[in-house]
Structure formats: structure tokens, C-alpha cells
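Analysis of the macromolecular model
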Amino acid sequence: MQSFIKGIDKINAFLRYFAAFLLAFMSVLIVYQVCARFLGRYMELELPRWTEELARYSMIWLVLIGASLAVRYSALIGMEAIAERLSEKAQRLLKVLTLILSMVLFVVMIVFGFEMLSHVSAQLSPGLKLPMSIPYAAIPIGGFFMLLNAVAVLLETIKGQSNKEFFKGSE
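1. Description of the packing of helix α1 (residues 2–43) against helix α2 (residues 50–72)
Two elements in contact, α1 and α2, have axes separated by 8 Å at closest approach and are oriented at 155°. The orientation of α1 relative to α2 falls into the category roughly antiparallel. By crossing handedness, the relation of α1 to α2 is classed as left-handed. Taken together, the residues of the contact of α1 with α2 break down into 19 nonpolar, 5 polar and 4 charged.

2. Remarks on the packing of aromatic side chains
Applying the stated criterion across every chain, the model contains 4 aromatic pairs. Summarising the aromatic geometry, the rings of Tyr32 and Trp50 are spaced 6.2 Å apart at their centres and angled 35° between planes, so their arrangement reads as tilted. Linking Tyr32 in helix α1 with Trp50 in helix α2, this pair joins segments that are 18 residues apart in sequence.

3. Focus on unusual backbone geometry
Phi is positive for Ser74, close to 50°, though the residue is something other than glycine. Ser74 sits in the partly exposed class, given a relative accessible area of 42%. If you check the backbone angles, Lys129 has positive phi at about 60° while not being a glycine. Looking at where Lys129 falls in the secondary structure, it is placed in the loop between α3 (88–120) and α4 (133–136).

4. Quick look at the pattern of salt bridges
Applying the stated criterion across every chain yields a total of 3 salt bridges. A salt bridge links Arg72 to Asp9; its shortest N-O distance comes to 2.9 Å. Residue Arg72 is located in helix α2, and its partner Asp9 is located in helix α1; the two are separated by 63 residues in the primary sequence. Take Arg72: its relative accessible area is 0%, and that puts it in the buried class. Since its relative accessible area comes to 4%, Asp9 is described here as buried. When the shortest N-O distance is used, the salt bridge between Arg56 and Glu52 registers 3.3 Å. Highlighted residues: Arg56 and Glu52, both in helix α2, separated by 4 residues, approximately one helical turn. For Arg56, a relative accessible area of 41% corresponds to the partly exposed category. Note on Glu52: relative accessible area 41%, which makes it partly exposed.

5. Examining helix α5 (residues 138–159)
Compared with the 32 Å implied by 1.5 Å per residue over 22 residues, the 31 Å span of α5 between its first and last C-alpha is a close match. With respect to burial, α5 is a largely interior element, 16 of its 22 residues being buried. Following α5 by one or two positions, Gly160 has its phi on the positive side, about 85°.

6. A closer look at a nonpolar patch on the surface
A cluster of nonpolar side chains, Ile100, Val104, Val107, Val108, Val111 and Phe112, forms an exposed patch at the surface whose accessible area comes to about 490 Å². Position of Val111 relative to the elements: it lies in helix α3. With a relative accessible area of 46%, Val111 lands in the partly exposed category.

How each quantity is defined
- Residues numbered from 1 in each chain as written.
- Predicted model: local features only at pLDDT ≥ 70, side-chain atom pairs only at ≥ 80, totals over all residues.
- Heavy atoms only, no water.
- Axes fitted to C-alpha atoms, helices over the stretch in contact; angles between N-to-C directions.
- Helix = DSSP H or I, 4+ residues; strand = E, 2+ residues; numbered from the N terminus.
- Parallel < 35°, antiparallel > 145°, perpendicular 65-115°, else oblique.
- Left-handed = near helix turned anticlockwise from the far one by under 90°.
- Nonpolar A, V, L, I, M, F, W, Y, C, P; charged D, E, K, R; others polar.
- Phe/Tyr/Trp six-rings, centres within 6.5 Å; stacked < 30°, edge-to-face > 60°.
- Buried < 20%, exposed > 50% of the residue type's maximum accessible area, 1.4 Å probe, protein only.
- Salt bridge = Lys/Arg side-chain N within 4 Å of Asp/Glu carboxyl O.
- Expected span 1.5 Å × (residues − 1).
- Patch = residues over 30% accessible without salt bridge, like charges linked within 9 Å, V, L, I, M, F, W, Y side chains within 5 Å.
- Areas by Shrake-Rupley, 256 points an atom, 1.4 Å probe, with all protein chains shown as cover.

See the structure below:
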């Protein structure tokens, strides 16, 4: 069980770098688009329409990868006002139930995400002419990583351990 959690943490180390890359890439694309739009007014240049589309797809992947990391480190938004008033045992039980319900949602994301991929595989994006299965693949892949991280948190909760800190390096 401990090796499973360590394996997930190694995957998360890669996902952190991937999310950082996506954020930087998206930022560069947006800055490039703004500069081209500004210079295009004065130089009558054609605007790069593909940058907006690629930045949008990068953001989709970034949000779903980031959400999977947030699941692992309990960084998602939650209502804790009720949970704080419960006993420690009841809090743990509530966390286990919440994780199980979340895992059901993640399985639904995976199943219907793959089903959706079969429907959009023949479509191309308007600007880049990429297969639309590339941006839509973020749904089942993000759901899979969220499910893995939820399992890790569930195992730690059952063992009575707390989640690792996000900014602490993976060990």
C-alpha cells in the first residue's frame, strides 16, 4: 500500500512539472497574441488566430491536471464549517464518504470522457486543424489522475495519516 502511494506521488511530481509547463506555455501564447494584436493595428499584420485556440486547449489540460493534484493535497474548495464541529472520528468518516462519492464522479468522468472521444474523433479544431480528441482527452485522463489521487488520500485517511504538503518535495 505504501509503495502504491509512493508511486502516485512520483506520478504527481511529473504532473507538477507538466502543469507548470502548460501554465508557462499558455502565458507565452497569450502575451504573443496581445503583442501581435497591438502591433497589428499599426502595421496592418494578420492576427495569429491559432494562439487563442492553443491557449484554450492548454488551459483545459492545465485545469484537469491541476485538479488531480488538488485532490491529492486536499486543496479543493470545501465546506468545512460543519465538519469542524464534528468529532475526529466523525470527521474521518465524513472524509471517507466524500472521497468515495468523489471517486464515483471520477469514474463517471472517465467512462463518459472516453465515450465522448469516440464522438469527436473525426472532428478537427477550427484554427489548428487538430483532432478534437486531443482537447477532449483531458477529461478521461484528468479523471483517471483524480481517481488515483483520491485512492491515495483514501488509503492515508483510513491509515490515519494526513496528506503531504504540496510544496514539500516528493520523497
